[in-house]
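Survey of secondary and tertiary structure
Listed below, chain by chain, are the residues.
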Amino acid sequence: DEEDEEEGLDAEKLQKVVHLMFERCYADSEYGHALGVAFEARETDKVREILDRCASSHADDPMTVQATLRYALDASMTLVTSKSFRIDALGSVAEHLQKMFDAPTGTAAHRSAAVLLCRCHQLLAAVKPVSDIVTSLLDGSEDDALLGLQLCFDLVDSGDQNYVNGVAEGLPKKATAAASTSLGGGEGNSESAEETKENGVDETPSRTDDVWARFDNALRVLTGGFTSELALSFLYKNSDSDRLIMENLKKSLEERGSGRNSVLHNCAVVSHSYLNAGTTNDSFLRDHLDWMKKASNWAKFSATASMGVIHAGHTTEAMTLLEPYLPPSSSGEEGGDAPAVTSAGGYAEGGSLFALGLIHGSHAGSSTATRLEASNFLRNHLRNSHANEVISHGAALG
């Protein structure tokens, strides 16, 4: 019994010490230290209390409050292992950031709060709040609109395409055909307007054409493949690959008298693809098609697939570039004449399907429509090419 009383007494003393330590942190404005203890103890109430004390003590210094919120956000992702506690902590951080974001616009605190708030909601997998933040920024001043577009770029760079698509769907869209239909009058007018609003079409007359242009640009960044276009343009303009290296390598291989199935020939083709990855510079291969055609069997598969490495991200011209190598389209629909697939050959066709997947899968910021088209194309060939193992293999890899 005495041991139990001593243990209870020790627990009480320990709680008192911790409480005094929190008060000391509040007095010294060391809210980061207090948050560290609260995170280690997994005390959600203490996290809220610390953030509330920080906000009330530094109401005139929002940047100090944001520094504490930023620390809490980073610590939630690096120190906390419990998912439920992390969600609660992030929710508390989001509440305070939302209050700062709702403050008067145009300030540095308002803009930095928008960035942190978007990051916080993304970690919470909340789509609508991010759509509302981007909408609010795009409706604001020119500087706010630029920040909204930058947030769109940041979302695309995160790599979560489903989340990005959700944010894009939540943005208002200029009423066109849907609005004209709803102007028919009568009882159906209000119902059509409600349906239009539910479908994400905004009929707010206060937005000018310039503001709607901002939303069009945001959608282009999120789902239109603009990020992929920028990356492709940058790689193309800043490519320093030396064609002379490949010319000397080709000449050396010819002097060795390598055969059609030479491993060195395959290595040279793959090296060329790595040398020009993402730059769309395939002039060497096009100038030496006869040399490239020396590859056979699986070496031909790899040589064709290397086109996907060179043109990674070039989604707009993918089908045109690979058209000479792609197998005939097989829709598999009733009434459609699906081309017969033989068990022989198919190495170039299979490699081209792999290349198609490499082109569309290398950049998260590529166009959603073109990615969907390529995905359906590959799935159709995967369903209808069981007779040819090579084509099935290429479609599966793509």
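Look above for the structure.
Note that this is a predicted model, so its numbers are computed, not measured. (Residues numbered from 1 in each chain as written. Predicted model: local features only at pLDDT ≥ 70, side-chain atom pairs only at ≥ 80, totals over all residues. Heavy atoms only, no water.)

Quick word on the nonpolar core
Within the largest apolar cluster, 56 residues are counted, with the highest numbers of intra-cluster contacts made by Phe 39, Ile 50, Ile 133 and Leu 222. For Leu 222, the residues in contact, after removing those within four places along its chain, are Cys 152, Leu 155, Val 156, Gln 161, Val 164, Val 167, Ala 168 and Leu 171. (Core = buried A, V, L, I, M, F, W, Y, C linked by side-chain atoms within 4.5 Å. Buried < 20%, exposed > 50% of the residue type's maximum accessible area, 1.4 Å probe, protein only. Contact = heavy atoms within 4.5 Å.)

Notes on the packing of helix 18 (residues 298-310) against helix 20 (residues 347-361)
It is the contact of helix 18 with helix 20, at a shortest axis distance of 7 Å, that shows an interaxial angle of 25°. Relative to helix 20, the element helix 18 lies roughly parallel. As helix 18 runs across helix 20, the sense of the crossing is right-handed. When helix 18 is examined against helix 20, the residues Trp 298, Lys 300, Phe 301, Thr 304, Ala 305, Met 307, Gly 308 and Val 309 are found in contact with a partner set consisting of Tyr 347, Ala 348, Gly 350, Gly 351, Ser 352, Phe 354, Ala 355, Leu 358 and Ile 359. (Axes fitted to C-alpha atoms, helices over the stretch in contact; angles between N-to-C directions. Helix = DSSP H or I, 4+ residues; strand = E, 2+ residues; numbered from the N terminus. Parallel < 35°, antiparallel > 145°, perpendicular 65-115°, else oblique. Left-handed = near helix turned anticlockwise from the far one by under 90°.)

Observations concerning unusual backbone geometry
Positive phi is not limited to glycine here, since Ala 125 has a value of about 60°. Structurally, Ala 125 can be placed in the loop between helix 6 (108-123) and helix 7 (128-138).

With respect to the environment of Ser 296
Here Ser 296 lies in the loop between helix 17 (289-292) and helix 18. When its relative accessible area of 16% is taken as the criterion, Ser 296 is described as buried. Along the primary structure Ser 296 and Tyr 347 are separated by 51 residues, whereas in three dimensions their C-alpha atoms are 8.0 Å apart.

Observations concerning the pattern of salt bridges
On inspection of all chains with the given rule, the structure shows 13 salt bridges. Notably, a salt bridge pairs Lys 46 with Glu 49, separated by 3.5 Å at the nearest N-O pair. Here the residue Lys 46 and the residue Glu 49 both occupy positions in helix 3 (residues 44-57), the gap between them amounting to 3 residues, near one helical turn. Here Lys 46 falls in the buried class, since its relative accessible area comes to 19%. Asp 144 is paired through a salt bridge with Arg 111; the nearest N and O atoms lie 3.3 Å apart. Highlighted residues: Asp 144 in helix 8 (residues 142-157) and Arg 111 in helix 6, separated in sequence by 33 residues. (Salt bridge = Lys/Arg side-chain N within 4 Å of Asp/Glu carboxyl O.)

Here's the deal with helix 4 (residues 62-78)
Because the α-helix completes a turn every 3.6 residues, residues three or four places apart line up on one side. For helix 4, with 17 residues, the first-to-last C-alpha span of 24 Å sits near the 24 Å given by 1.5 Å per residue. Of all the positions in helix 4, only Val 65, Gln 66, Thr 68, Leu 69, Ala 72, Leu 73, Ala 75 and Ser 76 are classed as buried. The inward-facing, buried residues of helix 4 contact helix 2 (31-41), helix 3, helix 5 (83-101) and helix 6. (Expected span 1.5 Å × (residues − 1).)

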